[in-house]
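Structure at a glance
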Amino acid sequence: MATSISGTTGVTFPAGGVGNPAGAVVGTTDTQTLTNKTLTSPTLTSPTLTTPNIDSAQFATVSGTAPIYPCRAWVNFNGTGTVAIRASGNVSSITDNSTGEYTVNFTTAMSDANYSVSMSVMGSTTTARVTVSIPSGNTPTTSSFRMSTQDTSTSSQYDPVYVYVSIFR
């Protein structure tokens, strides 16, 4: 078979030719699936991007078929004196509203306000028995939520040393 050149299919070389690849050579209008290839300075024209599927194979410690719902935001902050974030993910700031009252502000808003908040604290004394809650009348929004900490032994608002918050959606 001879080498053929076509304006619509590209260049085709005969199989097994010396120094020639077998099949069509990819041109500007053809496509080719690349597996385990390294591209240097690729240019994509109108690529179609899809939402990636994350499954248990990408979470090495997860097993089973239940859906995976990663944490959407989290924060570890100092609730005493000048409030300060120690570490966080998708939390832009903490507002100190008053003793034991904080607002957690998200960097990127949630898709809606139907998220789940998990909160815990560690106080500065061994006698403090602290509860954490979202105060009644303070509905969470897509951009923030308000939280309250109270020492149940004194029935007063309380500033804990460590405040831990995780948000799932």
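Up top is the structure.
Below or above, wherever it landed, is the structure these notes cover. Keep in mind the model is a prediction, meaning the values are calculated, not measured.

Observations concerning the overall build of the protein chain
Assigned secondary structure in the protein chain consists of zero helices and twelve strands. When its helices and strands are written in sequence order, the protein chain yields β-β-β-β-β-β-β-β-β-β-β-β. Across the 169 residues in the protein chain, those meeting the buried criterion constitute 20%.

Some remarks on the sheet that holds strand S4 (residues 71–78)
On the basis of which strands lie adjacent, the open sheet formed by four strands has the order S5-S4-S12-S8 and antiparallel pairing. Edge positions in the sheet fall to strand S5 (84–89) and strand S8 (116–122), since each has one partner strand and no second. Across the sheet, the mean angle separating the axes of adjacent strands is 10° when strand polarity is ignored.

Digging into the nonpolar core
Phe77, Ile94, Phe106, Phe145, Met147, Val165 and Ile167 are the most contacted members of the largest nonpolar core, which has 16 residues in total. Only S4, strand S6 (91–98), strand S7 (101–106), strand S10 (144–151) and strand S12 (162–168) provide two or more residues apiece to this core. When residues no more than four places from it in sequence are discounted, the contact partners of Phe145 are Tyr102, Thr103, Val104, Phe106, Tyr115, Val117, Met119, Ile134, Pro140, Val165 and Ile167.

Describing the pattern of salt bridges
When their charged atoms lie close together, side chains carrying opposite charge are able to pair. Here the structure, examined in full by the defined rule, presents two salt bridges. Measuring nitrogen to oxygen at the nearest pair gives 3.0 Å for the salt bridge that ties Glu101 to Arg146. Here Glu101, found in strand S7, pairs with Arg146, found in strand S10; they are 45 residues apart in sequence, far enough to count as distant. For Arg169, the salt bridge is made with Asp112, and the minimal N-O distance between the two is 2.6 Å. In this pair, Arg169 sits in the segment after S12 while Asp112 sits in the loop between S7 and S8, placing the two residues 57 residues apart along the sequence.

A short note on unusual backbone geometry
What is expected of a backbone is that most residues other than glycine have negative phi and most peptide bonds are trans. Positive phi is not limited to glycine here, since Asn90 has a value of about 60°. By the element assignment, Asn90 lies in the loop between S5 and S6. Look at Asn90 and you get partly exposed, because its relative accessible area is 22%.

Some thoughts on the packing of aromatic side chains
With the rule as written, the count across this model stands at five aromatic pairs. For the pair Phe106 and Tyr115, a centre-to-centre distance of 5.5 Å together with 85° between the ring planes defines the contact as edge-to-face. No difference in accessibility class separates Phe106 from Tyr115, as the two residues are buried. Ring centres 6.2 Å apart and planes at 40° place the aromatic pair Phe106 and Phe145 in the tilted group. Of this pair, Phe106 sits in strand S7 while Phe145 sits in strand S10, and the two are 39 residues apart along the sequence.

Some remarks on the side chain of Asn105
As for its placement among the helices and strands, Asn105 is situated in strand S7. Other than its neighbours up to four places away in sequence, Asn105 contacts Asn90, Val91, Ser92, Ser93, Ile94, Thr95, Ser143 and Ser144.

Notes on the pairing of S10
Most of S10 is tucked away: six of the eight residues are buried. Both S7 and S10 contribute to a ladder of five bridges, which runs antiparallel. Note on S10: the bridge partner recorded for Tyr102 is Met147. Of the strand pairs in this sheet, strand S9 (residues 130–133) and S10 are connected by four bridges, and their pairing is antiparallel. If you follow Val132 over to S10, its bridge partner there is Thr149. Bridge count between S10 and strand S11 (residues 156–157): two bridges; the pairing is antiparallel. Looking across to S11, one finds that Asp151 is bridged to Ser156. Linking two consecutive strands that pair antiparallel, namely S10 and S11, is a turn of four residues; a positive phi of about 55° is found at Ser155 within it.

Cut-offs and rules
- Residues numbered from 1 in each chain as written.
- Predicted model: local features only at pLDDT ≥ 70, side-chain atom pairs only at ≥ 80, totals over all residues.
- Heavy atoms only, no water.
- Helix = DSSP H or I, 4+ residues; strand = E, 2+ residues; numbered from the N terminus.
- Buried < 20%, exposed > 50% of the residue type's maximum accessible area, 1.4 Å probe, protein only.
- Pairing = 2+ DSSP bridges.
- Axes fitted to C-alpha atoms, helices over the stretch in contact; angles between N-to-C directions.
- Core = buried A, V, L, I, M, F, W, Y, C linked by side-chain atoms within 4.5 Å.
- Contact = heavy atoms within 4.5 Å.
- Salt bridge = Lys/Arg side-chain N within 4 Å of Asp/Glu carboxyl O.
- Phe/Tyr/Trp six-rings, centres within 6.5 Å; stacked < 30°, edge-to-face > 60°.

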